[in-house]
Amino acid sequence: MKMGEDVRGAHSERPQKLVLCVLCGLPAAGKSTFARALRHWLQQELGWAVGVVAYDDVMPEAVLEKASASPLPSQWKLFRQELLKFLEHFLLAVINGCQMSAPPSKTEAMWKDFITCLKDQDLISSAAVEAQALYPLTKTAVSRPLLLILDDNFYYQSMRYEVYQLARKYSLGFCQLFLDCALETCLQRNAQRPRPLPAETIHQMGNKIEKPNPEKNAWEHHSLAIQSPACASEARLKLTDLLITALENPIKHVEENLEQKETDRLIGSTNILHQADQTLRRIVSQTMKEAKDEQMFPYNLKLLAEELNKLKAEFLEDLRQGNKKYLCFQQTIDLADVISFFHYEKDNIVRKYFSKQH
Ligand SMILES: Nc1ncnc2c1ncn2[C@@H]1O[C@H](COP(=O)(O)OP(=O)(O)OP(=O)(O)O)[C@@H](O)[C@H]1O
């Protein structure tokens, strides 16, 4: 069988070794450049299969289609989670040695880009027929250790934790690579790009970024900071060590159960919910007062109040439902994290209504 041929229904005797690797860092830190180099090197030197899922390639068109204006963070969150669902479908196919099925409901444009991403990297067969909604994997995908690199900024721990949870669900390896690049260098590189981001965005992200903290968070244990622009080869030994360790030490289910119990206990804590409720309520009423003081039109004020209350309700529901987004700090809900995320989304909404005044 040639490389890239279909392996319909093929079952490997050994369980497939899989690692999810999160790349994080500021915009223009060099993540995509590094991911490409790493893929090439791992394929050539270690004979691994490597897939890079660059969020920029898979998400923007879909996002723009759905949200013609600039999307809210809550929309990004949904798209990020949908992309993880897609990835889960691919992982299931690799683990079970079967064809990948399409999720029943999905953002079509994003799914299409995801399929292209996998085909281009010889992970699903280029002969896959879209209409059948079944995608045969290639031999490459199922016959070697497989590293999936998720290339995005992942600047909050909570974003990376979602990937960790996926790795844990299927007992996969998990590691994080932080592209440690000075803010000034990122700004310079960004300015030279054909479509630079506003410098302000990079500054803001620089203030907010939560670097992997293995000392504090056990789940971030397999993390490595890659100095940029230093040559990656300097860190090669450490990097190889990290990747092999992650590959050989998948996250165990038993940890999940213990952790899950603890998580459930914390989610059930009405105390935290009560505190969150009180604090978000205060933020909403303070924001309304400020909007009034700044002469927002009454009609816009009414809509703003409705939207902020809806946002508050969504946040509380997320906490009640046990959305683990907030459970990334030693398995405790960090109220400060909830509040800062709420502020971020609230500010976007307020900006939207003020921009309507002009
Ligand atoms: N080590 C390096 N030395 C010099 N320039 C680099 C280096 N790595 C990347 N660059 C350049 O910096 C720019 C940004 O790189 P890249 O797209 O890899 O960053 P990124 O972190 O993936 O950005 P984003 O998060 O915005 O997608 C590119 O023009 C790239 O050529």
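Structure: above.
Residues numbered from 1 in each chain as written. Predicted model: local features only at pLDDT ≥ 70, side-chain atom pairs only at ≥ 80, totals over all residues. Heavy atoms only, no water.

## What to know about the overall build of the protein
- The secondary structure content of the protein amounts to 14 helices and seven strands.
- Relative to its 358 residues, the protein shows a buried fraction of 51%.
- Summed over its atoms, the accessible surface of the protein is roughly 17,900 Å², and 53% of this surface lies on carbon and sulfur atoms. (Helix = DSSP H or I, 4+ residues; strand = E, 2+ residues; numbered from the N terminus. Buried < 20%, exposed > 50% of the residue type's maximum accessible area, 1.4 Å probe, protein only. Areas by Shrake-Rupley, 256 points an atom, 1.4 Å probe, with all protein chains shown as cover.)

## Digging into the environment of Asn207
- As for its placement among the helices and strands, Asn207 is situated in helix H9 (residues 199-208).
- Expressed as a C-alpha distance, the spacing of Asn207 and Tyr155, which sit 52 residues apart in the sequence, is 10.0 Å.

## Comments concerning the nonpolar core
- Membership of the largest hydrophobic core comes to 105 residues, with the highest contact counts inside it found for Phe90, Met100, Phe114 and Leu177.
- Split by domain, this core shows at least three residues from each of two domains, domain 1 (18-251) and domain 2 (259-355). (Core = buried A, V, L, I, M, F, W, Y, C linked by side-chain atoms within 4.5 Å. Domains from an automatic or database assignment.)

## Observations concerning the side chain of Asn190
- Within the secondary structure, Asn190 is located in helix H8 (residues 183-191).
- Overall, Asn190 belongs to the buried group, its relative accessible area being 3%.
- Aside from chain neighbours lying at most four places away, what touches Asn190 is Ala28, Pro196, Leu197 and Ile202. (Contact = heavy atoms within 4.5 Å.)

## Description of the sheet that holds strand S6 (residues 173-180)
- Strand order in this open sheet of five strands is S2-S5-S1-S6-S7, and the pairing throughout is parallel. Each having just a single partner strand, strand S2 (49-54) and strand S7 (223-227) make up the two edges of the open sheet. Within this sheet the neighbouring strands show an average axis-to-axis angle of 20 degrees, counted without direction. (Pairing = 2+ DSSP bridges. Axes fitted to C-alpha atoms, helices over the stretch in contact; angles between N-to-C directions.)

## Observations concerning the packing of aromatic side chains
- In total, this model carries 12 aromatic pairs according to the counting rule given.
- Taking the centre distance of 5.4 Å and the plane angle of 70 degrees together, the rings of Tyr55 and Phe154 count as edge-to-face. Taken together, the residues span a long stretch of sequence, with Tyr55 in helix H2 (residues 55-58) and Phe154 in the loop between strand S5 (146-151) and helix H7 (157-169) at a distance of 99 residues. When sorted by exposure, Tyr55 lands in the same class as Phe154, which is buried.
- Three or more aromatic residues joined by ring pairs make a cluster, and in this case those are Phe86, Trp111, Phe114 and Tyr135. (Phe/Tyr/Trp six-rings, centres within 6.5 Å; stacked < 30°, edge-to-face > 60°.)

## Let's talk about helix H13 (residues 298-321)
- The terminal C-alpha atoms of H13, which comprises 24 residues, lie 34 Å apart, in line with the 34 Å expected from a rise of 1.5 Å per residue.
- Inspection of H13 places Asn300, Leu301, Leu304, Glu307, Leu308, Leu311, Lys312, Phe315, Leu316, Asp318 and Leu319 among the buried residues, and these make up the whole buried set. (Expected span 1.5 Å × (residues − 1).)

## Quick word on the environment of Ile272
- In this fold, Ile272 is placed in helix H12 (residues 270-293).
- Taking relative accessible area as the criterion, Ile272 reaches 17% and is therefore assigned buried.
- For the pair Ile272 and Leu319, spaced 47 residues apart in the sequence, the C-alpha separation amounts to 9.0 Å.

## Here we look at the site of the ligand
- As a structural note, the neighbourhood of the ligand is formed by 13 residues, with Ala28, Lys31, Ser32, Thr33 and Arg193 the closest of them.
- Contact distances for the ligand include 3.0 Å between an oxygen atom and a backbone N or O atom of Gly30.
- Here the residues of the shell around the ligand sort into five nonpolar, four polar and four charged. (Near = heavy atom within 4 Å. Polar contact = N/O pair within 3.5 Å; in protein donor to acceptor, adjacent residues only side chain to side chain. Nonpolar A, V, L, I, M, F, W, Y, C, P; charged D, E, K, R; others polar.)

## Digging into the state of the cysteines
- One pass over the structure, following the stated rule, counts zero disulfides.
- In this structure Cys24 is not part of a disulfide, and its nearest cysteine sulfur, from Cys21, lies 9.2 Å away. (Disulfide = S-S within 2.5 Å.)

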